[in-house]
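# Topology and contacts: notes
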Amino acid sequence: MADPIQTPPFQTSPETVASTSNPSQDFADGDMAAKVANHEAELLAACQAELAQLQAKSAELADQYLRAKADVENARRRAEDEISKSRKFALEGFAESLLPVIDSLETGLNLKDATLEHIREGSQATLRQLLGALERNKVIPVNPQPGAKFDPHQHQAISVVPSEQEANTVVTVLQKGYLIAERVLRPALVTVSGPK
């Protein structure tokens, strides 16, 4: 097998370089280097300006975020305070409406020469005051009439009794029930007619 031909490495002598060097080429190379350097400087300045602008925008958004977070925290704290006050003073209106009832009862008890008729009239007036106070505070009695359809949401059947009425209707009311804001506070205790 033959040895590959070895060629000497390309060598350039100073004379060759000098003879091939062109002064206008050197100027063009220097001009090109200046243009590249100038372009790089412009790009760097533009990038720095954009970076500064983005950093300012980021700082502004971070500030807005912190302010919004503080506003939400303050609103949450105010809402919790309002809820706490509402719970604390929720019964204030109800208690205030019961004060005349207490006054009437105390006045009735302080009467030494009251007759049975006076006591009865005073009790009826006090009951009206109490029912009015309850109604103003959305406490409504549940007192179904005999023959009304049994409603398991508002009535509690104590017993099933034979009756001429239709099945599952109220025969008698043993104790009134009450709703508060349309929610059952206490169901009415009733007897219900059984199937015939």
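As a starting point, this report considers the structure included with it. (Residues numbered from 1 in each chain as written. Predicted model: local features only at pLDDT ≥ 70, side-chain atom pairs only at ≥ 80, totals over all residues. Heavy atoms only, no water.)

### A word on the overall build of the protein chain
Defined as follows: The helix and strand labels rest on DSSP assignments: H or I over at least four residues marks a helix, E over at least two residues marks a strand, and numbering proceeds from the N terminus. Under the scheme applied here, a residue whose accessible area is under 20% of the maximum for its type counts as buried, over 50% as exposed, and between as partly exposed, the area being computed with a 1.4 Å probe on protein chains only. Any pair of residues with heavy atoms lying within 4.5 Å of one another is described as a contacting pair. Working definition of accessibility: Shrake-Rupley area with a 1.4 Å probe, residue cover restricted to the visible protein chains.
If you tally the helices and strands in the protein chain, you get 4 helices and 6 strands. For the protein chain, the α and β elements follow one another from N to C terminus as α-α-α-α-β-β-β-β-β-β. Considering the protein chain as a whole, with its 196 residues, one finds that 11% of them fall into the buried category. Long-range pairs, those at least 24 residues apart, make up 60% of the contacts in the protein chain between residues at least 6 apart in sequence. Surface exposure of the protein chain reaches about 16100 Å², of which carbon and sulfur atoms provide 59%.

### Focus: the nonpolar core
As a reminder of what qualifies: Only buried Ala, Val, Leu, Ile, Met, Phe, Trp, Tyr and Cys residues count toward a nonpolar core, and they belong to the same one when joined by side-chain atoms within 4.5 Å.
Counting 6 residues, the largest nonpolar core is built from Val142, Val170, Leu179, Ala188, Val190 and Val192. Per element, the largest residue contribution to this core is 3 residues, and it comes from strand β6 (residues 188-193).

### Quick notes on unusual backbone geometry
Backbone geometry follows two general trends: most residues other than glycine have a negative phi, and most peptide bonds adopt the trans configuration. Here Ala181, not a glycine, exhibits a phi torsion of approximately 50°, which is positive. By secondary structure assignment, the location of Ala181 is in the loop between β4 (177-180) and β5 (183-186). Its identity is not glycine, yet Glu182 carries a phi of approximately 65°, on the positive side. Mapped onto the elements, Glu182 comes out in the loop between β4 and β5. Residue classification places Glu182 among the exposed positions, given a relative accessible area of 78%.

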